[in-house]
Amino acid sequence: MVENKTSVLPRMCLRMIAEQTGQSPQLKTDLIKFVNALGAAFQIQDDVISVTSEEYRKQRGTYAEDI
């Protein structure tokens, strides 16, 4: 879910930049792995906040929506 939800837009941007600047296939693979890990870290943080923050729950109107 994370790779196809949270990471998809940054990954697409990095792929376009890497392609336009002529980067090596290995660097492209490394960038994609990094962005996927970054997206997972963001999603985990968002999930923890949604469970622990009363204010966040009030703003979103749901409890633990992604878990």
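Residues numbered from 1 in each chain as written. Predicted model: local features only at pLDDT ≥ 70, side-chain atom pairs only at ≥ 80, totals over all residues. Heavy atoms only, no water.

Student: Looking at this structure, how should I read the overall build of the chain?
Tutor: Within the chain one finds four helices and zero strands. Along its sequence from the N terminus, the chain presents helices and strands in the succession α-α-α-α. Against the globule reference of 11 Å for 67 residues, the chain gives a C-alpha radius of gyration of 15 Å, more extended than a compact globule. In terms of principal-axis extent, the alpha carbons of the chain reach across some 45 × 15 × 15 Å. Relative to its full complement of 67 residues, the chain shows a buried share of 19%. Contacts spanning at least 24 positions in sequence make up 41% of the contacts within the chain whose residues lie at least 6 apart. Total accessible area on the chain stands at roughly 5000 Å², and carbon and sulfur atoms take up 61% of it. The chain carries 8 positive and 9 negative side-chain charges, and their two centres are separated by 4 Å. (Helix = DSSP H or I, 4+ residues; strand = E, 2+ residues; numbered from the N terminus. Rg over C-alpha atoms; globule rule 2.2 N^0.38 Å. Buried < 20%, exposed > 50% of the residue type's maximum accessible area, 1.4 Å probe, protein only. Contact = heavy atoms within 4.5 Å. Areas by Shrake-Rupley, 256 points an atom, 1.4 Å probe, with all protein chains shown as cover. Lys, Arg positive; Asp, Glu negative; His and termini not counted. Charge placed at Lys NZ, Arg CZ, Asp CG, Glu CD.)

Student: Hey, could you run me through the pattern of salt bridges in this one?
Tutor: Side chains that differ in sign of charge can pair as their charged atoms come close. Tallying each qualifying case throughout the model produces one salt bridge. With a closest N to O distance of 2.7 Å, Lys28 and Glu19 form a salt bridge. (Salt bridge = Lys/Arg side-chain N within 4 Å of Asp/Glu carboxyl O.)

Student: Mind showing me how you'd approach helix α3 (residues 25-52) here?
Tutor: Think of an α-helix as turning once every 3.6 residues; residues three or four places apart then point the same way. Between its first and last C-alpha, α3 extends 41 Å over 28 residues, near the 40 Å set by a 1.5 Å rise per residue. Elements in contact with the buried residues of α3: α1 (2-5), α2 (8-20) and α4 (54-60). (Expected span 1.5 Å × (residues − 1).)

Student: Any chance you could explain the environment of Pro25 here in plain terms?
Tutor: Along the chain, Pro25 turns up in helix α3. Exposure remark for Pro25: the relative accessible area of 61% places this residue in the exposed category. Taking the C-alpha atoms as reference points, Pro25 and Leu38, 13 residues apart in sequence, are found 20 Å from one another.

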